[in-house]
Every structure is written in structure tokens, then in C-alpha cells.
Amino acid sequence: MSESTDDLVLVINSGSSSIKYQLLDPESGAVTASGMVDRIGEDNAGIEHHADGETTERRSAVADHTAGLRLIFDTFAATGHDLTRSGIRAVGHRVVHGGEVFYQPTLIDDDVVAAISDLSSLAPLHNPANVAGIESARELLPDVPQVAVFDTAFFHGLPDAAKTYAIDAKVAAAHGIRKYGFHGTSHEYVSGQVAELLGRDPAQLNQIVFHLGNGASASAIRGGHPTDTTMGLTPLEGLVMGTRSGDLDPGIIAHLVRSAHFDIDQVDKLLNRDSGIKGLSGVNDFRELQRLIDNGDTAAKLAYDVYIHRLRRYLGAYLIDLGGVDAITFTAGVGENSPQVRADALAGLSRFGIEVDPTANTAKDRTARRISPPDAEVAVLVVPTNEELAIARAAHRVAENT
């Protein structure tokens, strides 16, 4: 790679056992390189690195996130791009939970790292991994500005009525219990793209955005600001997801503890890893779910029906919350790639000005596009999300002001 890196941003998304990354131009969105280190902590870990139209794969033991970052940097160097020498403008880190403390892209220092770590009780599966990635990147690139971009930030200003749970107020205040919302980077990016696509001022738009991947969330957005979202204190609340239950009667937890003698770890595993589409059908990949449905699997069909029922319930709630909607948008893996989900989620709603054009909906097109009839009152759209680009732009802005 001969391209100068002076104005590029490295985006790092550090998970519990993986590190996803992109090196990209925050202005144009052009991706110089991308990849992922997976199975961190295992002997059969490795990297898949994409650059210049070529893919490099290496398999070896990766002990921890520091070793994973070193493998990424070594692979960059081996493919002609030494990040430690050629220089990049900033590193942007996806951080899942900012609590009440962080609601803007934030330049990282020791105090910020400590504060993110302190928030781990709110996101025990995510924030510790985010911190591990941050610490490793700071060690490898000590002179490059590092910026944290928080999944919860977009929803920080939710109205009090939307973010408050009806539990003892003193208990909630003492333990930071409120609706925080997640996927905020995606919801903010996509809603901004919708305004551009429609040629409308975001301040004049009422929007509903469905971010439907293995994790799934919806948001109601009025004038560019969210009024509600489905995920809550944790990413477990709301829509049915790949392995998460979404909304349920909290009494179920007490029932499992008393009657089935579940401990808290068993409850957590059940609701986060063994529920949702997987819990109902045995699979969490929507393509596999559709294959089972096509073969007459009744459990898979029920899982799909429950999934769609929850989508429609929140659609109705957000229509009322906004007092009408100008645009409904689908994004992320399922939202972008399943015409059936989009059609079923919005079926029978023409009296509300909501229609889906079957031809546009099923077209083989991966670009941002409208899938409602041209004369429909409500614009229905599919907009690919790009959280990496949003993080890169935020990190670049912070770096430019340091």
C-alpha cells in the first residue's frame, strides 16, 4: 500500500474473544484495510485481513487482546503498511456502555480508561473487552490520539418518561438504573443518511429505525433526537434477538430462582445466550431459520412469528409516540438482507400510509434505497449501516481539536 495514512483512522471494535478493525478515510469512507482476529485465548486463533483486493489469513495461538493487536499490526506491516511508522491520525474505539458519564466522543487518557472500567458492572460482557483493546492500542501507538465512541451516547438525552423505570427511585439512583439504549452509533448514522436520501432537513423528520442483526433494537427519532429506544439498562431489553429474549415478565427470573433453583449466572446465560430465535428454534442464523421454515419446521415458524410480533408491537408504540412518521428504515444484517422480514413487519398498514413495493423490496441491491411506492405517505427505506465510518469521523473530529 503506497497510500499515505496521515489522515486515516484505525477503528477498533474489541469483543470478548475477537477484535474487528478497519483502516479508513473518515471523509470519503474508503476502506484501506479491514479484518478480524477471532478466538482470542485459544490455540486455534487467527486473523483474516483484507487489503488491496487480497486476503491474508494466519492461524496461531493468540493469548490475549495485546497479542491480538500485535498480530493485527504485524499483518499490516507484512502487507506493506507499518502503522507504527507511517502514522495515522487517530484510533477510534467502540465502547458499549458510557453510563451517565460519557455521552460524547472522548479523548482517552488514564482517567477515561479507569472510568470505562468502572462501568463494567453495567456491561460485564462488553466493557472489559473494550478496555483491553484500548490499553493494547495505547501501548502500541502511544503518540496517536485514541478516542472512545460510546454505543449509549445517542440515547443519553432520552426524555425522563422514556428512560425512567418504575422502581424505587433511591435504588435506581444508587445503582445507575435507567434506560441507556444501545446501537446508538448505528441509529444516529442511519437516521442521518435517511435525511440525506430524502433530501429533507433532519429537524423536520419523524423516523423509526430498526437495527436488526443478531442483536436488534428500534428507535423513535423526532427532529434528529431520539424519543425512545427498545434496549434498556443492558442490551437485553426490547426486540427478540438471535440469542437474547428481549422483553419478558421479570417475574420469570424469580420463578426460575425459586422453582428451578437457577443461580444468577444461569439466568444470565439463559436470557442472553440461549433465548431469542435460538431458544425457540435451535438456530440463531436467519438464513438457517428460513431453511427450517421452508422444510415445515413448526418451532422455527413460531420463532419467526414471535420475532415479527415484537417488531410490530414496537412499530405501533413508536407511531403513537411520534404522532405519525415520515420514514421507517431497516438496517443491519437481517434488516438489510431479509425482504420477508421487512414485508411481514409492515404488512396490512396501508391505512397508516405505510406500504412496501414488492419489486423494490426484493431487488438485489445493497445500496441505500426506498422500497415503498413513490406516492406512499411514509417512506420505507433500507439503509446499510456503517458504524465504523461513524466512529472514524467522530475520532477524527476529536483528534483535530486536540
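The numbering scheme is per chain: residues are counted from 1 as the chain's sequence reads. Confidence filtering applies because this is a predicted model: local features only for residues at pLDDT of at least 70, side-chain atom pairs given and counted only at 80 or more, and all residues used for totals across whole chains, interfaces and linings. The side-chain values count all of the structure's non-hydrogen atoms but skip hydrogen atoms and water molecules.

- Per an unreviewed UniProt entry, the protein goes by the name Acetate kinase and belongs to Nocardia suismassiliense.
- UniProt positions are given in the numbering used here, feature names are shortened, and annotations may be inferred rather than shown by experiment. Its UniProt record gives the protein a comment under Subcellular location (unreviewed entry), which states: "Cytoplasm".
- The UniProt entry for the protein carries the following comment under Sequence similarities (unreviewed entry): "Belongs to the acetokinase family."

**Here's the deal with the packing of helix H11 (residues 286-294) against helix H12 (residues 298-322)**
When two helices pack together, their arrangement is given by the angle between the helix axes and the distance between those axes.
Item 1. One can describe the packing of H11 onto H12 by two numbers: an axis separation of 8 Å at closest approach and a directional angle of 125°. On the basis of their axis angle, the class for H11 and H12 is oblique. Classified by chirality, the crossing of H12 by H11 is left-handed. In this structure, H11 uses Phe286, Leu289, Leu292 and Ile293 to contact H12, whose residues at the interface are Ala300, Lys301, Ala303, Tyr304 and Tyr307.
Item 2. Residues are grouped as follows: nonpolar covers Ala, Val, Leu, Ile, Met, Phe, Trp, Tyr, Cys and Pro; charged covers Asp, Glu, Lys and Arg; every other residue, Gly included, is treated as polar. Residues belonging to the contact of H11 with H12 are distributed by class as follows: eight nonpolar, no polar and one charged. Only the stretch in contact is used when fitting a helix axis, every axis being a line fitted to C-alpha atoms; angles between N-to-C directions are given from 0 to 180 degrees. Going along the chain from the N terminus, every DSSP run of H or I of four or more residues is numbered as a helix, and every run of E of two or more is numbered as a strand. The scheme is simple: roughly parallel for angles under 35 degrees, roughly antiparallel for over 145, roughly perpendicular for 65 to 115, oblique for anything else. Handedness of a crossing follows from how the near helix is turned relative to the far one, being left-handed for an anticlockwise turn of less than a right angle and right-handed for a clockwise one. In this description, contact between two residues means that some pair of their heavy atoms is separated by no more than 4.5 Å.

**Looking at the packing of aromatic side chains**
Item 1. Note on aromatic contacts: the rings of Phe and Tyr and the six-membered ring of Trp form a pair at centre separations within 6.5 Å, being stacked when their planes are under 30 degrees apart, edge-to-face when over 60 apart, and tilted otherwise. Per the stated rule, a full pass over the model turns up seven aromatic pairs.
Item 2. Seen in terms of ring centroids, Tyr21 and Phe76 are 5.8 Å apart; in terms of plane orientation they differ by 55°. Their pairing is tilted. Residue Tyr21 is found in strand E2 (residues 19-24), and its partner Phe76 is found in helix H1 (residues 65-78); the two are separated by 55 residues along the sequence. The burial state of Tyr21 is the same as that of Phe76; both residues are buried.
Item 3. Between the aromatic rings of Phe102 and Phe150, the centroid separation amounts to 4.8 Å while the plane-to-plane angle is 0°, which identifies the pairing as stacked. Placement of Phe102 in the loop between strand E6 (90-95) and strand E7 (106-107) and of Phe150 in strand E8 (residues 146-150) is noted, with a sequence separation of 48 residues between them. Exposure is judged per residue with a 1.4 Å probe applied to protein chains only, and the accessible area is read against the type maximum: over 50% gives exposed, under 20% gives buried, and values in between give partly exposed.

**Some details on the environment of Ala174**
Item 1. Counting through the fold element by element, Ala174 comes out in helix H6 (residues 169-175).
Item 2. Ala174 sits in the exposed class, given a relative accessible area of 59%.
Item 3. Sequence-wise, Ala174 and Thr229 are 55 residues apart; in three dimensions their C-alpha atoms are separated by 23 Å.

**Points about the side chain of Thr185**
Item 1. Structurally, Thr185 is set in helix H7 (residues 184-198).
Item 2. Discounting residues that sit within four places of it in the chain, Thr185 has contacts with Val149, Phe150, Asp151, Glu387, Ala390 and Ile391.

**A few points about the nonpolar core**
Item 1. Membership of the largest hydrophobic core comes to 43 residues, with the highest contact counts inside it found for Phe210, Leu212, Tyr307 and Ile328.
Item 2. Sorting the residues of this core by element identifies strand E9 (206-212), strand E10 (216-222), H11, H12, strand E12 (327-331), helix H14 (339-345) and strand E14 (379-382) as the ones contributing at least two each.
Item 3. Not counting residues within four places of it along the chain, the set of residues in contact with Tyr307 comprises Leu212, Val240, Ile277, Phe286, Val334 and Val341.
Item 4. What makes a nonpolar core is a set of buried Ala, Val, Leu, Ile, Met, Phe, Trp, Tyr and Cys residues whose side-chain atoms join them at distances within 4.5 Å. Ranked by size, the runner-up nonpolar core spans 26 residues in total, among them Val147, Leu158, Ala379 and Leu381.

**Overview of the UniProt feature "binding site: Mg(2+)" (unreviewed entry) in the protein**
Item 1. According to UniProt, the "binding site: Mg(2+)" (unreviewed entry) feature falls on Asn13 and Glu387. A maximum C-alpha distance of 10.0 Å among these annotated residues, which run over 375 residues, shows that they cluster at one spot.
Item 2. Relative to the helices and strands, Asn13 resides in strand E1 (residues 9-14).
Item 3. Apart from the residues within four sequence positions on either side, Asn13 is in contact with Ser18, Ile19, Lys20 and Arg94.
Item 4. Tracing the sequence through the fold places Glu387 in helix H16 (residues 387-400).
Item 5. Residue Glu387 is classed as buried on the basis of its relative accessible area, which comes to 19%.
Item 6. With residues up to four places along the chain from it excluded, the contact list for Glu387 reads Asp151, Thr185, Ser186 and His211.

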